[in-house]
Amino acid sequence: MGYIDELKRVGRDANPFFKMMGIDVDEYGDGRARLTMEVRPDMLNGAGWLQGGVYVALADEAIALALYTLLAENERIATIDEHTSFIKGVNTGTIVATGKVVRKGRRVAFADGEVRSAADDTLLTRTSTSFAVIEG
């Protein structure tokens, strides 16, 4: 059973990281995905803001899930490059990550993601990625 099948079957429990971080899977399909997560006090850095790696990880998961919706059964992915621009910080509330595949080729896929505040849709981060598409 593949990742998407398992996600349909058991929801976020298909991904241990989703479970640990409290990430909810809102929607996915056709090269797109949307995840939400409540910001918790234990996710903040020493300055009191959501730690930057949490934004990156959430965006990465949304982007990868979007890409998984386009993979053949014999394909896997591995990140080649990922770049995130941090635009605005948060320390409370719910954040929303979206992922969108820009282009999926036979060997490389390109995808983008954003993290926004659920309360007012403020853009918090923007991520651009490339993935190796691996057969086997």
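Right, let's walk through the structure included here. Worth saying up front: this structure is predicted, and the values here are computed from it rather than measured.

### Points about the pattern of salt bridges
- Evaluation of the coordinates by the stated rule reveals eight salt bridges.
- The shortest N-O distance in the salt bridge between aspartate 42 and arginine 40 comes to 2.9 Å.
- The closest approach of N and O atoms between arginine 126 and glutamate 114, which form a salt bridge, is 3.2 Å. Remark: glutamate 114 occurs in strand S5 (residues 108-117) and arginine 126 occurs in strand S6 (residues 123-135); sequence separation between them is 12 residues.
- Where salt bridges share partners, they join Glu114, Arg116, Asp121 and Arg126 into one cluster.

### Here's the deal with the pairing of S5
- Alignment of strand S4 (residues 94-104) against S5, held across nine bridges, turns out to be antiparallel. What sits directly across from lysine 100, in S5, is aspartate 112.
- Taking the residues between adjacent antiparallel strands as the criterion, S4 and S5 are bridged by three residues.
- Two strands pair when backbone bridges link them, and S5 and S6 are joined in this way by nine bridges, in the antiparallel orientation. Residue pairing across strands places alanine 109 opposite phenylalanine 131, the latter belonging to S6.
- Hairpin connection, S5 to S6: the antiparallel pair is bridged by five residues, and aspartate 121 has positive phi, about 65 degrees.

Parameters at a glance
Residues numbered from 1 in each chain as written. Predicted model: local features only at pLDDT ≥ 70, side-chain atom pairs only at ≥ 80, totals over all residues. Heavy atoms only, no water. Salt bridge = Lys/Arg side-chain N within 4 Å of Asp/Glu carboxyl O. Helix = DSSP H or I, 4+ residues; strand = E, 2+ residues; numbered from the N terminus. Pairing = 2+ DSSP bridges.

Nothing here speaks to function; it is geometry throughout.
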